[in-house]
Amino acid sequence: MKFLANRKLATRIGIITTALIFAGMLLLWYTVSNRISSMVESNITNQMIDAVESRAAIINDYVSSAEEYMTAFALGSEVRDLLKDPENDALLQQGQQYTEDFAAIKGIFEGLYIATPSTYVLTHTSEDAIGITTRSGESLDEFHKTILAKPQLTNLGIMKSPGTGSMIISMYYPLFEGQNCIGYVGAGV
């Protein structure tokens, strides 16, 4: 009888010990699993944020550079001379050559052009676009009120190019003679 009682006690102790060890291991596994999951998630999130920030910095640098190129192009004497006298054939040829050369040197422009305030295209990197008027009616009025209102570069952001279907950055830079807008340069980057 005493032997049987000792055996029952040993069995109970074994079961309780096994249950405690199992519960402890389960608690340890749960704690380690949650901590590792949290660390991995945090690490992945940090890596993704770093990747996005570095790409954003590259894009911002590219856009800033494109804006500087656009401003440099707009401030060329060939542009101002042509916009002052758009009927002059010699200035049209000079302006077209300047447009093509500038676009070729920089290599970032999908399209680069010089146009009058009525949006009549005088020069363009695509010869098919020369001589067209890009806006009329309300669209032209809105263009005058926004883009051609102040002598500053306007970056309209990313859009689909009507010519190629590629994603481009659309920019405009109006030129003024006193208070009057004499024309502008436009670009798809």
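Going by the structure above, here's the rest.
The structure displayed is predicted, hence computed values, not measured ones. (Residues numbered from 1 in each chain as written. Predicted model: local features only at pLDDT ≥ 70, side-chain atom pairs only at ≥ 80, totals over all residues. Heavy atoms only, no water.)

Visitor: Hey, could you run me through the overall build of the chain in this one?
Guide: Counting secondary structure elements, the chain contains four helices and five strands. Reading the chain from its N end, one meets helices and strands in the order α-α-α-β-β-α-β-β-β. Against the 2.2 N^0.38 benchmark of 16 Å for 189 residues, the chain shows a C-alpha radius of gyration of 35 Å, more extended than a compact globule. Its C-alpha atoms put the chain at 125 × 35 × 30 Å along the principal axes. (Helix = DSSP H or I, 4+ residues; strand = E, 2+ residues; numbered from the N terminus. Rg over C-alpha atoms; globule rule 2.2 N^0.38 Å.)

Visitor: Help me understand unusual backbone geometry in this model?
Guide: Peptide bonds are trans in most cases, and residues, glycine excluded, mostly fall at negative phi. Of note, Thr119 is a non-glycine position whose phi angle comes to about 70°, a positive value. With respect to the helices, strands and loops of the structure, Thr119 is situated in the loop between strand 1 (111-115) and strand 2 (121-124). Taking relative accessible area as the criterion, Thr119 reaches 0% and is therefore assigned buried. (Buried < 20%, exposed > 50% of the residue type's maximum accessible area, 1.4 Å probe, protein only.)

Visitor: Whenever I open this one, the side chain of Thr116 confuses me. Can you help?
Guide: Within the secondary structure, Thr116 is located in the loop between strand 1 and strand 2. Using a relative accessible area of 12% as the deciding quantity, one classes Thr116 as buried. Apart from residues lying up to four places away in sequence, Thr116 is in contact with Leu122, Ile182, Gly183 and Tyr184. (Contact = heavy atoms within 4.5 Å.)

Visitor: Just to check I follow, could you spell out the sheet that holds strand 3 (residues 154-160) for this structure?
Guide: By way of backbone hydrogen bonds, the strands of a sheet pair with one another, either parallel or antiparallel. Spatially, the five strands line up as an open sheet ordered 2-1-5-4-3, and their pairing is antiparallel. The outermost strands of the open sheet, each flanked by one partner alone, are strand 2 and strand 3. For this sheet, the mean angle separating the axes of adjacent strands, direction not counted, is 20°. Where strand 3 and strand 4 (residues 167-177) come together, six bridges link them in antiparallel fashion. In the sheet register, Gly157 faces strand 4, and the bridge partner there is Ser170. In the packing of helix 3 (residues 89-106) onto the sheet, contacts are made with strand 1 and strand 2, and the angle to strand 2 comes to roughly 40°. (Pairing = 2+ DSSP bridges. Axes fitted to C-alpha atoms, helices over the stretch in contact; angles between N-to-C directions.)

Visitor: How should the nonpolar core be read in this particular structure?
Guide: It is characteristic of soluble globular proteins that their nonpolar side chains tend to be buried jointly. Judged by nonpolar contacts, the single largest core of 25 residues is most densely connected at Phe73, Val79, Phe109, Leu112, Ile114, Leu175 and Val185. For this core, the secondary-structure elements that each account for two or more residues are helix 1 (2-74), helix 2 (77-84), helix 3, strand 1, strand 4 and strand 5 (180-188). The element contributing the most residues to this core is helix 1, with five residues. Contact partners of Ile114, with chain neighbours within four places excluded, come to Phe73, Val79, Leu82, Leu83, Gly95, Thr99, Tyr120, Val121, Leu122, Thr123, Tyr184 and Val185. (Core = buried A, V, L, I, M, F, W, Y, C linked by side-chain atoms within 4.5 Å.)

Visitor: Mind showing me how you'd approach the side chain of His124 here?
Guide: As for its position among the elements, His124 is in strand 2. When sequence neighbours within four positions are dropped, the list of residues in contact with His124 reads Gln96, Thr99, Gly111, Leu112, Tyr113, Ala129 and Ile130.

Visitor: What should I look at first to understand the environment of Thr11 in this one?
Guide: Examined against the element boundaries, Thr11 turns out to sit in helix 1. In this structure the side chain of Thr11 is engaged in a polar contact, spanning 2.8 Å, whose partner is the backbone oxygen of Arg7. (Polar contact = N/O pair within 3.5 Å; in protein donor to acceptor, adjacent residues only side chain to side chain.)

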